[in-house]
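The lines below spell out each chain.
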Amino acid sequence: MEAVLNEEIKRLSGKGLRESCLARGLPAVAALTEKINRLKKEKNAIVCAHVYQTPDIICGVGDIIGDSYKLADDSRKMAADIIIFCGVRFMGETAKILNPSKQVYIPSRNAGCSLSESVNAEDVRKLKARYPGLPVVTYINTSAEVKAESDCVVTSANAEKILRRLYRKNEKIIFIPDRFMGANLAKVLGKTPGKDIILWQGSCVVHEKFNAAVIGLYRKNYPGLAVLAHAECPSDIINAVDFMGGTGDMLHYIENTNATAYLLVTECGFGELARIRFPQKNFIAMCRLCPYMKSITLESILDVLENPRPELEVSVPPEIAARAKKSIEKMFELAE
Ligand code: 13P
Ligand code: SF4
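Note that this is a predicted model, so its numbers are computed, not measured.

(A) View of the overall build of the protein. Each helix and strand in the protein was counted, giving 16 helices and twelve strands. With the principal axes as the frame, the protein shows a C-alpha extent of 65 × 55 × 30 Å. Put simply, the protein has 336 residues, and 57% of those count as buried. The contacts of the protein with a sequence gap of at least 6 include a subset with a gap of at least 24, amounting to 64%. Of the accessible surface of the protein, which amounts to about 14,600 Å², a share of 51% is contributed by carbon and sulfur atoms. Once the 45 positive and 40 negative side-chain charges of the protein are each reduced to a mean point, those two points are 4 Å apart.

Listed below in structure tokens is the structure:
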């Protein structure tokens, strides 16, 4: 048993996990990850993990790691029977919609999302009645019911590209639910909120609270600093940064630039991942935790594998799933 544990500690170290990036020691993490990985094999299960998850989950048990787009896209090609989704509910729902015959579990009952909870299907129906004929473009951070009422889903990785394409044929578009992302996209596209783009008043509890004034202070103290912010941030933040995008784009930017340091204006977990992926680069993470993402732990993943309780299994009524799938597939088509 000790040899198995030592082997697992070695494997985790090889993946870049260090005591300094863990809330507890490597042996305690290894005991859990070894068990989880063994059970995954026995049950033909796969773990999908969003980049905001903790390093013990990402490096220890994650099979597919990425932003919302990669997780949705890759979930179309999975051979496993069981998908354990370490992310928030809308991500698990998307995986279920794309894989109706597989069992999808989210190892927490608290993995919601403030954006997703800001809008429901009835709200979208009312918007459509108020603005008949306008296409409804919906950020992936929404429930299956909301996607079912929409024309096209987008993620932070493709929203700009898809909106550009849709504006070729439409003068005005409804964009839900993130008012900040909508306003940021409107600025990039030269569109006016209220006139060319109808926005919903949703926001992300993590990104809405960053302080733009701090960015100037960091720039003074770190010459050559690159400042990156997630597109869910308010526009005063976006006006002060060098790069706006989703988490996948931000990783790409870091990989392809050589700044003296990177200030990351997004959820804390992203900074932990960046330090592991790029150990030779310097990062300053403006630390705000997503309480929903962080409600998943190694223990809750192990629990779902040992004792898969029905309340943790994701289910989407077939009629809703069929309509939501159309708007998700529209995204895959337009993101090409
Ligand atoms: P990404 O798709 O950029 O990873 O964003 C998901 C999210 O929830 C950000 O808060
Ligand atoms: Fe939702 Fe914000 Fe958490 Fe992302 S960080 S899952 S948008 S609450």
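(B) The arrangement of helix H9 (residues 159-167) in detail. Taken residue by residue, H9 has Ala159, Ile162, Leu163, Leu166 and Tyr167 as its buried positions. For H9, the buried positions fall inside an angular range of 135° around the axis, keeping them on one side. Its buried side turned inward, H9 meets strand E5 (136-139), strand E6 (152-154), strand E7 (173-176), helix H10 (179-189), strand E8 (197-199) and helix H16 (318-335).

(C) Structural context of the pattern of salt bridges. Scanning the model with the defined rule gives 22 salt bridges in all. We note a salt bridge from Lys294 to Glu267, for which the minimum N-O separation is 3.0 Å. Here Lys294, found in the loop between strand E12 (283-285) and helix H15 (298-306), pairs with Glu267, found in the loop between strand E11 (261-265) and helix H14 (268-277); they are 27 residues apart in sequence, far enough to count as distant. With relative accessibility at 1%, the residue Glu267 sits in the buried group. Across the pair Glu329 and Lys325 runs a salt bridge whose closest N-O atoms are separated by 3.8 Å.

(D) Molecular detail of the environment of Val205. Relative to the helices and strands, Val205 resides in the loop between E8 and helix H11 (212-221). Residue Val205 is classed as partly exposed on the basis of its relative accessible area of 27%. Distance in space between the C-alpha atoms of Val205 and Glu232 is 9.7 Å, their sequence separation being 27 residues. For Val205, the residues in contact, after removing those within four places along its chain, are Ser114, Arg288 and Tyr292.

(E) Looking closely at the state of the cysteines. Tallying each qualifying case throughout the model produces one disulfide. Disulfide partner of Cys268: Cys287, at an S-S distance of 1.2 Å. One disulfide, between Cys268 and Cys287, carries an S-S torsion of -40° and so falls in the left-handed class. Taken together, the residues span a long stretch of sequence, with Cys268 in helix H14 and Cys287 in the loop between E12 and H15 at a distance of 19 residues. Given a relative accessible area of 8%, Cys268 falls into the buried group. What makes Cys287 exposed here is its relative accessible area of 52%.

(F) A look at the site of ligand 2. The environment of ligand 2 is made up of Tyr52, Val88, Cys113, Ser114, Leu115, Asn141, Cys204, Val206, Glu232, Cys290, Tyr292 and Met293. At a threshold of 2 Å from the grid points, most atoms of ligand 2 map onto the largest cavity. Taken together, the residues of the shell around ligand 2 sort by class into nine nonpolar, two polar and one charged.

(G) The arrangement of helix H1 (residues 2-14) in detail. For H1, with 13 residues, the first-to-last C-alpha span of 18 Å sits near the 18 Å given by 1.5 Å per residue. Of all the residues in H1, the buried ones are Glu8, Ile9 and Leu12. Along H1, the residues classed as buried sweep out an arc of 105° about the axis, all on the same side. In this structure, H1 carries Ala3, Lys10 and Gly14 as exposed residues pointing more than 90 degrees from its buried face. Along its buried surface, H1 packs onto helix H2 (26-43) and helix H3 (55-60). At the C-terminal side of H1, Gly16 shows a positive phi close to 95°.

Reading the values: the criteria
- Residue indices begin from 1 for each chain and proceed along its sequence in written order.
- As they are written, the chains are lettered A onward and the ligands numbered 1 onward, keeping that order.
- Only residues with pLDDT of 70 or above have their local features reported here, since the model is predicted, and side-chain atom pairs are shown and tallied only from 80 upward, although totals for entire chains, interfaces and linings are computed over all residues.
- Computation of side-chain values covers all heavy atoms of the structure but excludes hydrogens and water.
- Helix and strand definitions follow DSSP, with helices as H or I runs of at least four residues and strands as E runs of at least two, each counted in order from the N terminus.
- Relative accessibility thresholds used throughout: buried, under 20% of the residue-type maximum; exposed, over 50%; partly exposed, between the two (1.4 Å probe, protein chains only).
- By definition, residues are in contact when any of their heavy atoms lie within 4.5 Å.
- Note that accessible areas follow from Shrake-Rupley with a 1.4 Å probe, and for residues the cover is restricted to the protein chains shown.
- For the purpose of counting charges, residues Lys and Arg are taken to be positive, whereas Asp and Glu are taken to be negative. His and the chain ends are not included.
- Charge positions come from single atoms, namely NZ of Lys, CZ of Arg, CG of Asp or CD of Glu.
- As used here, the arc belongs to the directions running from the helix axis to the C-beta atoms.
- Take a side-chain nitrogen of Lys or Arg and a carboxyl oxygen of Asp or Glu: if they are within 4 Å of each other, that pair is a salt bridge.
- Sulfur atoms of two cysteines make up a disulfide when they are within 2.5 Å.
- Nearness of a residue to a molecule or strand requires only that one of the residue's heavy atoms be within 4 Å of it.
- Using only the protein atoms, space was sampled on a 1 Å grid; points where a 1.4 Å probe fits but cannot get out form cavities, open sets with protein on both sides within 12 Å along at least five of seven lines form pockets, and lining residues are those with an atom within 4 Å of a point.
- To be counted as sitting in a cavity or pocket, a molecule needs more than half of its atoms within 2 Å of that site's grid points.
- For this classification, Asp, Glu, Lys and Arg are treated as charged, while Ala, Val, Leu, Ile, Met, Phe, Trp, Tyr, Cys and Pro are nonpolar and the rest, including Gly, are polar.
- For a helix, the expected span equals 1.5 Å multiplied by the number of residues minus one.

Geometric descriptors of this kind do not, in isolation, establish any biological role.
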